[in-house]
Amino acid sequence: MVVTQEQLNEYYAAEVVDQDGGRVGSMGEIYLDNRTGDPAWLTVRTGLLGGRKVFVPLVTAEIRDGQIFVPYSSAKIKGAPDVPADPHLSDNEEQDLFQYYAVQEGPAPSA
């Protein structure tokens, strides 16, 4: 089931939890698919005081019990490529993230 914008709005700053149930960080920004307007990417604030923001694909995420679960290890998420949390992901940045997370088919470039 696809995570919707309404669900994400309800859980603003929710905890993001890894595949083992460990806390990775809190939800940051939501990036939308340019073609459909659906949520495509989520930034996770990690580290002390949420100092780093990393991208996680929403196509693989689930919301359960007020938390956002993603099927990746905490180390995998924290090792994601450094992509600036600008208002728009470039095609190259998004492709790098799709390859890193081994997401085969993703949405159009996000904004």
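The following refers to the structure shown. (Residues numbered from 1 in each chain as written. Predicted model: local features only at pLDDT ≥ 70, side-chain atom pairs only at ≥ 80, totals over all residues. Heavy atoms only, no water.)

**So, the packing of aromatic side chains**
Then, number 1: All chains considered together, the criterion is met by four aromatic pairs.
Then, number 2: Among the aromatic residues, those joined into a cluster by ring pairs are Tyr-72, Tyr-100 and Tyr-101.
Then, number 3: The residue whose ring lies beneath Lys-76 is Tyr-100, and the NZ or CZ to ring-centre distance is 4.0 Å. (Phe/Tyr/Trp six-rings, centres within 6.5 Å; stacked < 30°, edge-to-face > 60°. Lys NZ or Arg CZ within 6 Å of the ring centre and 35° of its normal.)

**Observations regarding the environment of Val-24**
Then, number 1: Note that Val-24 resides in strand 2 (residues 23-32).
Then, number 2: Among residues more than four places away in sequence, those in contact with Val-24 are Val-16, Val-17, Asp-18, Val-44, Arg-45, Thr-46, Ser-74, Ile-77 and Lys-78. (Helix = DSSP H or I, 4+ residues; strand = E, 2+ residues; numbered from the N terminus. Contact = heavy atoms within 4.5 Å.)

**Details of the sheet that holds strand 5 (residues 62-64)**
Then, number 1: As summarised here, the arrangement of the six strands in space is 4-3-2-1-6-5, forming an open sheet in which the pairing is mixed. In the strand order of this sheet, the two ends are held by strand 4 (52-57) and strand 5, each with one partner. Within the sheet, the average angular offset between the axes of one strand and its neighbour, ignoring direction, is 40°.
Then, number 2: With five bridges joining them, strand 2 and strand 3 (residues 39-46) adopt antiparallel strand pairing. What sits directly across from Leu-32, in strand 3, is Pro-39. (Pairing = 2+ DSSP bridges. Axes fitted to C-alpha atoms, helices over the stretch in contact; angles between N-to-C directions.)

**Looking at the nonpolar core**
Then, number 1: By size, the foremost hydrophobic cluster in this structure holds 27 residues, and its most contacted members are Trp-41, Ile-68, Ile-77 and Tyr-101.
Then, number 2: Counting only elements with at least two residues in this core, the list comes to strand 2, strand 3, strand 4 and helix 3 (91-101).
Then, number 3: Examining the composition of this core, we find that four residues originate from one element, strand 3, more than from any other. (Core = buried A, V, L, I, M, F, W, Y, C linked by side-chain atoms within 4.5 Å. Buried < 20%, exposed > 50% of the residue type's maximum accessible area, 1.4 Å probe, protein only.)

**Considering unusual backbone geometry**
Then, number 1: If you check the backbone angles, Asp-65 has positive phi at about 50° while not being a glycine.
Then, number 2: With respect to the helices and strands, Asp-65 occurs in the loop between strand 5 and strand 6 (67-69).
Then, number 3: Residue class for Asp-65 comes out exposed when judged on its relative accessible area of 78%.
Then, number 4: Unusually for a residue other than glycine, Ala-102 sits at a positive phi of about 55°.
Then, number 5: Note on placement: Ala-102 falls in the segment after helix 3.

**Description of the pairing of strand 3**
Then, number 1: Taken across its eight residues, strand 3 has seven buried, putting it largely inside the fold.
Then, number 2: Counting the residues between successive antiparallel strands, the hairpin from strand 2 to strand 3 contains six residues, one of them, Gly-37, with a positive phi of roughly 80°.
Then, number 3: The pairing of strand 3 with strand 4 spans six bridges and is antiparallel. Looking at the pairing, Leu-42 lines up with Val-56 of strand 4.

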